[in-house]
Amino acid sequence: MPELPEVETVARSVDRRVRGQRIVEVWFGSHREPFKTPPAQQARALEGRELLSIHRTGKHIVCELSAALDEGTRKSMRREAAGAAQWIVHLGMTGRLLVSHPDNPVAAHTHARLRLGDGRELRFVDPRRFGRLELRLLDRDEPFTAAGAEPLTIGAAEFAALFRGRKLAIKAALLNQSLLTGVGNIYADESLFHAGIRPTRAAGRLTRAELERLRVALRSVLQNSIQAGGSSVSDYVDADGVKGFYQLDHCVYLRGGQPCRSCQSAIRRILLAGRGTHYCPQCQK
DNA sequence: CATTTCACCTGGTGGC
DNA sequence: TGCCACCAGGTGAAAT
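Residues numbered from 1 in each chain as written. Chains lettered and ligands numbered in written order. Predicted model: local features only at pLDDT ≥ 70, side-chain atom pairs only at ≥ 80, totals over all residues. Heavy atoms only, no water.

A. Broad picture of the overall build of chain A. On a plain count of helices and strands, chain A comes out with seven helices and 10 strands. On C-alpha atoms alone, chain A measures out to a radius of gyration of 21 Å, which is about the 19 Å that the 2.2 N^0.38 rule sets for 285 residues. Reported as C-alpha extents along the three principal axes, the dimensions of chain A are approximately 65 × 40 × 30 Å. The buried share of chain A, taken over its 285 residues, is 53%. A fraction of 65% describes how many contacts in chain A between residues 6 or more apart in sequence connect residues 24 or more apart. A total accessible area of about 12900 Å² is found for chain A, and carbon and sulfur atoms account for 49% of it. A distance of 8 Å separates the average location of the 43 positive side-chain charges in chain A from that of its 30 negative side-chain charges. (Helix = DSSP H or I, 4+ residues; strand = E, 2+ residues; numbered from the N terminus. Rg over C-alpha atoms; globule rule 2.2 N^0.38 Å. Buried < 20%, exposed > 50% of the residue type's maximum accessible area, 1.4 Å probe, protein only. Contact = heavy atoms within 4.5 Å. Areas by Shrake-Rupley, 256 points an atom, 1.4 Å probe, with all protein chains shown as cover. Lys, Arg positive; Asp, Glu negative; His and termini not counted. Charge placed at Lys NZ, Arg CZ, Asp CG, Glu CD.)

B. View of the packing of helix H1 (residues 4–18) against helix H7 (residues 208–227). Following both chains from N to C, one finds H1 and H7 inclined at 35°, their axes separated by 9 Å at the closest point. The handedness of the crossing between H1 and H7 is right-handed. Contacts between H1 and H7 involve Leu 4, Pro 5, Glu 6, Glu 8, Thr 9 and Arg 12 on the former and, on the latter, Leu 222, Ser 225 and Ile 226. (Axes fitted to C-alpha atoms, helices over the stretch in contact; angles between N-to-C directions. Left-handed = near helix turned anticlockwise from the far one by under 90°.)

C. Broad picture of the domain arrangement of chain A. When its domains are assigned, chain A resolves into domain 1 (4–137) and domain 2 (156–279). Of note, the centres of domain 1 and domain 2, computed from C-alpha atoms alone, are 30 Å apart. With 17 residues of domain 1 at the contact, the number on the domain 2 side is 18 residues. Surface buried jointly by domain 1 and domain 2 totals about 1500 Å² across both partners, of which 60% is contributed by carbon and sulfur atoms. Linking Asp 240 and Arg 16 is a salt bridge whose minimum nitrogen-to-oxygen distance equals 3.6 Å. Remark: the boundary between domain 1 and domain 2 carries seven residue pairs in polar contact (both at pLDDT 80 or more). For the side of domain 1 that touches domain 2, the secondary structure elements donating two or more residues are H1 and strand S5 (96–100). Classifying every residue of the side of domain 1 that touches domain 2 by side-chain character gives seven nonpolar, three polar and seven charged. (Domains from an automatic or database assignment. Buried area = accessible area lost by both parts, 1.4 Å probe. Salt bridge = Lys/Arg side-chain N within 4 Å of Asp/Glu carboxyl O. Polar contact = N/O pair within 3.5 Å; in protein donor to acceptor, adjacent residues only side chain to side chain. Nonpolar A, V, L, I, M, F, W, Y, C, P; charged D, E, K, R; others polar.)

D. Just the protein's contact with DNA strand C, in detail. The environment of DNA strand C is made up of 24 residues, and the closest members are Lys 59, Ser 231, Val 233, Ser 234 and Tyr 253. By atom count, sugar and phosphate contribute 54% of the portion of DNA strand C lying within 4 Å of the protein. A distance of 2.7 Å separates a phosphate oxygen of DNA strand C from a polar atom in the side chain of Lys 59. A distance of 2.5 Å separates a base nitrogen of DNA strand C from a polar backbone atom of Ser 231. The residue inventory of the surface near DNA strand C, partitioned by class, reads nine nonpolar, nine polar and six charged. (Near = heavy atom within 4 Å.)

E. Summary view of the sheet that holds strand S6 (residues 110–116). The strand order across the open sheet built from four strands is S1-S6-S7-S5, with neighbouring strands paired in antiparallel fashion. Two strands lie at the open edges of the sheet, namely strand S1 (23–28) and S5, each paired on one side alone. Each neighbouring strand pair of the sheet contributes to a mean axis angle of 15°, computed without reference to strand direction. Across five bridges, the pairing between S6 and strand S7 (residues 121–125) is antiparallel. Residue pairing for S7: Thr 110 is matched across the bridge by Val 125. Sheet strands in contact with H1 are S5, S6 and S7, and its direction is about 25° off that of S5. Contacts between helix H2 (residues 39–46) and the sheet are confined to S1 and S6, with S1 contributing the most and set at about 170° to the helix. (Pairing = 2+ DSSP bridges.)

F. Focus on the protein's contact with DNA strand B. Around DNA strand B lies a shell formed by Arg 32, Glu 33, His 109, Pro 127, Arg 128, Arg 129, Phe 130, Arg 166, Lys 167 and Leu 168. Counted by atom, the contact set of DNA strand B within 4 Å of the protein is 67% sugar and phosphate. Arg 129 places a side-chain nitrogen or oxygen 2.5 Å from a phosphate oxygen of DNA strand B. One of the side-chain nitrogen or oxygen atoms of Arg 166 is found 2.9 Å away from a phosphate oxygen of DNA strand B.

Here you go:
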């Protein structure tokens, strides 16, 4: 499900619903995949902390946690583990972060349940297990930062510099999270369509004007999608279980063979960087 | 270093 | 109905 607009939508809705809640009890499933930090260690560090705020960085959801407030907990912890912390959730391909009432049935592939002070639960559900859960203790670990630049705020010169001298296809470059953070397959294809650029073009050979069209198109596609609550291609929902509707505005993504919304030519589907890639052969040069 | 390919997972869909 | 091939929002390790 999750590229920048979906992750932003989830982070906002989780923040709205659980900010200020204390984490009372933590349960983790037994699969090893979702845990960047060992689950026992995460559980120990999460319990007793307060959720101060939840926000998005790139495709990551960052939950800011208070210091371990409770005196008993604090004494049982090593001194360097008692300060503020971050719980970082990456949704992978199929991850969901949901706020549920405890008596709601637990969905298949639920890997984490955090019981909150008011009895509700924050649940992490992820069938394909490409998602990741990580804990950072800020006395000891660096706070989370994304490698790449934020596409919503990057300026023209910095954007152009990202691609200078690069021989790979512009679409592959857009997907590279160490250049730009948060762009995935949907918004790479959609932004290239709105900028009128073929996904196969070498990144370093785009003109200054094309790069600027791309930057502006990408920003507005992402902003419009956030406004729409993201794209629900199969089953993506936010923390309240609400679907997005930006998929209704998709011009090329998953529209292979269908007529272009602008010129009626058949949208083409190719494989690029191992991903399904969709473009209009007429509108994109 | 830059770039490409592939493995990691489950589930839904469409053809036969 | 069943079986199978193929496809799906991502990324990080290994190969080139």
